[in-house]
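Each chain, letter by letter, is given below.
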Amino acid sequence: RSGVLVRKHLFERTGKKASQRSWRTCYVSVDRGTVAMYKMDGRHGGHPDGRELTDTSLQLGSVSLRHTLTQMMPPPGYSRSRPHVFALQLPSGGVYLFQTASEVELRDWVAACNYW
Ligand code: I3P
């Protein structure tokens, strides 16, 4: 599945906070066990289309979902008040938070990340 989410990079790896910690809107795709993240400055209303996804200047990085855990809760100690946030935890201890538009979307994204 794919769509627009608001992302926060929380941890780089275990014990290391990410350096860029602000929330940013991005385009996210979950496909065949990989999460790929893209900038929103595509030519189609900010929303990258299929062709633009191969443009490396739009790519914000991708991570394998192998040995990751996706939860419908921000991690302990993180208590900011954004609704509909899920956490993707990587085997390295890296953590991304993603904000979705609704509770239904939240469940859908969590399932897409955990059961692929
Ligand atoms: C960050 C931005 C984030 C905030 C983060 C700040 O500042 O305000 O929204 O996260 O706090 O560092 P900047 O845009 O200058 O990088 P929250 O909204 O999750 O609090 P943090 O460093 O405590 O995570």
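Refer to the preceding data block for the structure.
Residues numbered from 1 in each chain as written. Predicted model: local features only at pLDDT ≥ 70, side-chain atom pairs only at ≥ 80, totals over all residues. Heavy atoms only, no water.

1. Observations regarding the overall build of the protein
The condition that has to hold: Here a strand is any run of E in DSSP of at least two residues, a helix any run of H or I of at least four, and the numbering for each starts at the N terminus. Between the two quantities, the radius of gyration covers C-alpha atoms and the globule rule is 2.2 Å times the number of residues to the power 0.38. Buried residues are those whose accessible area, probed at 1.4 Å on protein chains only, stays under 20% of the maximum for their type, while exposed residues exceed 50% and partly exposed ones sit between those limits. By definition in these notes, contact holds between two residues if any of their heavy atoms fall within 4.5 Å. Each accessible area is a Shrake-Rupley result for a 1.4 Å probe, and residues are judged covered by the shown protein chains and nothing else. Positive charges come from Lys and Arg, negative ones from Asp and Glu, while His and the chain ends are left out of the count. In plain terms, the charge of a residue is placed at NZ if it is Lys, CZ if Arg, CG if Asp and CD if Glu.
When its secondary structure is counted, the protein shows 1 helix and 8 strands. Taken from the N to the C terminus, the helices and strands of the protein come in the order β-β-β-β-β-β-β-β-α. Radius of gyration (C-alpha) of the protein: 14 Å, near the 13 Å computed for a compact globule of 116 residues. With respect to the principal axes defined by its C-alpha atoms, the protein has extents near 40 × 30 × 30 Å. Counting every position in the protein, which comprises 116 residues, the buried fraction comes to 41%. Once local pairs closer than 6 in sequence are excluded, the contacts in the protein between residues at least 24 apart make up 45%. Carbon and sulfur atoms make up 50% of the accessible area of the protein, which amounts to about 6800 Å² in all. Side-chain charges in the protein split into 16 positive and 9 negative, and the spacing between the mean points of these groups amounts to 10 Å.

2. Some details on the state of the cysteines
Think of a disulfide as a covalent bridge from one cysteine sulfur atom to another cysteine sulfur atom. Definition in use: In this description, a disulfide is simply a cysteine sulfur pair whose atoms lie within 2.5 Å.
Counted under the stated rule, the structure contains 0 disulfides. With no disulfide of its own, Cys 26 has Cys 113 as its nearest cysteine by sulfur position, at a separation of 13 Å. You can call Cys 26 buried: its relative accessible area is 0%. The exposure class of Cys 113 is buried, given its relative accessible area of 3%.

3. Regarding the pairing of strand S4 (residues 34–38)
Basically, it comes down to this: Note on pairing: DSSP must find at least two bridges between two strands before they are called paired.
Of all 5 residues making up S4, 4 are buried, and the element is well covered by its neighbours. In terms of strand pairing, strand S3 (residues 24–31) meets S4 through 5 bridges, oriented antiparallel. Its bridge partner being in S4, Val 28 is matched across the sheet by Met 37. Hairpin geometry of S3 and S4 is characterised by an intervening segment of 2 residues between the two adjacent antiparallel strands and by a positive phi of about 45° at Arg 32. Strand direction decides the pairing type here: S4 and strand S5 (residues 59–64), joined by 5 bridges, are antiparallel. Bridge pairing links Tyr 38 to Gln 59 in S5.

4. Some details on unusual backbone geometry
Of note, the phi angle at Arg 32 is positive, near 45°, even though the residue is not glycine. With respect to the element layout, Arg 32 can be found in the loop between S3 and S4. Overall, Arg 32 belongs to the exposed group, its relative accessible area being 76%. For His 84, which is not a glycine, the phi torsion comes out positive at approximately 55°. Note on placement: His 84 falls in the loop between strand S6 (69–71) and strand S7 (85–89). We classify His 84 as partly exposed; its relative accessible area is 25%.

5. Describing the site of the ligand
Using the following cut-off: For each residue, the test is whether any non-hydrogen atom lies within 4 Å of the molecule or strand; if one does, the residue is near. What qualifies as a polar contact is a pair of N or O atoms within 3.5 Å, subject to a donor-acceptor requirement within protein and to the restriction that residues adjacent in sequence count only when both atoms come from side chains. Under the convention adopted here, Pro, Cys and the residues Ala, Val, Leu, Ile, Met, Phe, Trp and Tyr are nonpolar, Asp, Glu, Lys and Arg are charged, and Gly plus all remaining residues are polar.
Close contacts around the ligand come from Lys 8, Arg 21, Ser 22, Trp 23, Tyr 78 and Arg 80, and that covers them all. Within the side chain of Ser 22, a nitrogen or oxygen atom sits 3.4 Å from an oxygen atom of the ligand. Burial of the ligand by the protein chains amounts to 50% of its free accessible area of 500 Å². Grouping the constituent residues of the shell around the ligand by class yields 2 nonpolar, 1 polar and 3 charged.

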